[in-house]
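Each chain, letter by letter, is given below.
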Amino acid sequence: MAKGGRLWRITLGVAGLAAFLALWKISHHFAWAGRGAMPDPFLLPQALVDEWTRGRIQPAILSSLTHYVWGLGMGAALGVLTGFLAASNQTVDALHAYLARLLRPIPPLAWVVFAIAWFKVSHAGAAFVIAIGVFWVNYFATYAAVRGIDPKLFELARAFGQGGRINMALTVTAPAATPGMLAGFRAGVGQAWMTLIAAELLGVPGMGQEMYAAAGVGAYEAVTIYMLAISGVYALSDLAFVQVERQVLRWRP
């Protein structure tokens, strides 16, 4: 088996997962985290069956996806637009510079109070909290991508008669910044899932709420099932995005 080959990496990956499960089982057996506080990994399949047959996990996933998609879409669109305008126009950049420094350090979780006041307990409130976290990821990624464009590209475009602010933005700035913008969007896909749990503190039905309910009665196997469900749905969404990214950037060597 060649070191560094695909089979070698798969073997090491499986070995690492097996070692993790073994350590998990040992910690449960010896109650390193306290008696009853560590779920038994061998009971997870039955816990999944229980959540499925009781009809809990399916609507929880669908509910989480509802505000996840809306929050991701709004946050990404506004972040890309604002970052693009700020990096392309010095007036816009200067106008909002201090505002960005003021708002950026505030974590999405801090906005939960206002989300409840403005949107009540609803998908809109959860989507609002998610959108805030996604916004800053896409904003800074887009800003850096646009500002990092080689000035020679603009000189070359002008030499071929591609003048005008809008025309340059469409023919030079947007294509050159697209890889960086997509990298930011991919990071936002993950950020949205991490913010999702905080957003569901609002009481909106979803995987986060089911986790809190299960934890309240000490059903830690069920808590772990929802954690793995979040991981699985994220993996699928990331895989789908990679396929889209390859199509959009198929012009790259």
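Residues numbered from 1 in each chain as written. Predicted model: local features only at pLDDT ≥ 70, side-chain atom pairs only at ≥ 80, totals over all residues. Heavy atoms only, no water.

Our focus in this paragraph is the environment of Val204. Within the element layout of this structure, Val204 appears in the loop between helix H8 (165-199) and helix H9 (207-216). On the basis of relative accessibility, which here comes to 1%, the residue Val204 falls in the buried class. Note: C-alpha distance between Val204 and Ala126 (78 residues apart in sequence) is 7.2 Å. Not counting residues within four places of it along the chain, the set of residues in contact with Val204 comprises Ser63, His67, Val121, Ser122, His123, Ala126 and Gln209. (Helix = DSSP H or I, 4+ residues; strand = E, 2+ residues; numbered from the N terminus. Buried < 20%, exposed > 50% of the residue type's maximum accessible area, 1.4 Å probe, protein only. Contact = heavy atoms within 4.5 Å.)

Quick look at the packing of helix H3 (residues 57-88) against helix H4 (residues 90-103) now. Where H3 meets H4, the closest approach of the two axes is 5 Å, and the angle between their N-to-C directions is 115 degrees. Taking contact as the criterion, the partners of Leu85, Ala86 and Ser88 in H3 are, on H4, Gln90, Val92, Asp93 and His96. For the contact of H3 with H4, the residue count by class is three nonpolar, three polar and one charged. (Axes fitted to C-alpha atoms, helices over the stretch in contact; angles between N-to-C directions. Nonpolar A, V, L, I, M, F, W, Y, C, P; charged D, E, K, R; others polar.)

Before going further, it helps to examine the side chain of Asp93. On the secondary structure map, Asp93 appears in helix H4. Leaving out residues up to four positions away in the same chain, Asp93 has contacts with Ala86, Tyr143 and Arg147.

Here the focus is the environment of His29. By the secondary structure assignment, His29 is in helix H1 (residues 6-29). C-alpha of His29 to C-alpha of Asp40: the two residues are eleven residues apart in sequence and 8.2 Å apart in space.

In this section: the environment of Ala145. Following the sequence through the fold, Ala145 ends up in helix H6 (residues 123-147). According to the relative accessible area criterion, Ala145 is buried, its value standing at 15%. Counting along the chain gives 134 residues from Ala145 to Thr11, while the straight-line C-alpha distance between them is 37 Å.

Time to look at the side chain of Ser63. Its location among the elements puts Ser63 in helix H3. On the basis of relative accessible area, Ser63 is assigned to the buried category, the value being 10%. In this structure, Ser63 is in contact with His123, Val204, Pro205 and Gly206, ignoring residues within four places of it in sequence.

Under the definition given, this model contains four salt bridges. Note that Lys25 and Asp40 form a salt bridge whose closest N and O atoms lie 3.0 Å from each other. Residue Lys25 is located in helix H1, and its partner Asp40 is located in the loop between H1 and helix H2 (44-53); the two are separated by 15 residues in the primary sequence. Put simply, Arg186 and Asp238 hold a salt bridge, and the shortest N to O gap is 2.9 Å. (Salt bridge = Lys/Arg side-chain N within 4 Å of Asp/Glu carboxyl O.)

Further remarks concern the nonpolar core. By size, the foremost hydrophobic cluster in this structure holds 40 residues, and its most contacted members are Tyr68, Trp193 and Met207. Elements that contribute at least two residues to this core include exactly H2, H3, helix H5 (112-119), H6, H8, H9 and helix H10 (220-248). No other element matches the nine residues that H6 contributes to this core. With twelve residues, the next largest nonpolar core counts Phe84, Ala169, Val172 and Met181 among its residues. (Core = buried A, V, L, I, M, F, W, Y, C linked by side-chain atoms within 4.5 Å.)

The next point concerns the packing of aromatic side chains. The final tally for this structure, using the stated rule, is 15 aromatic pairs. Ring geometry for Tyr68 against Trp193: centres 4.2 Å apart, planes inclined by 20 degrees, an arrangement best described as stacked. Linking Tyr68 in helix H3 with Trp193 in helix H8, this pair joins segments that are 125 residues apart in sequence. Residue class for Tyr68 comes out buried when judged on its relative accessible area of 4%. Between Phe119 and Phe128 the ring centres are 5.5 Å apart and the planes differ by 45 degrees, which places this aromatic pair in the tilted class. Overall, the relative accessible area of 32% leaves Phe119 in the partly exposed class. For Phe128, a relative accessible area of 19% puts it in the buried group. By the ring-pair criterion, three or more aromatic residues cluster together here, those being Trp111, Phe114, Trp118, Phe119 and Phe128. (Phe/Tyr/Trp six-rings, centres within 6.5 Å; stacked < 30°, edge-to-face > 60°.)

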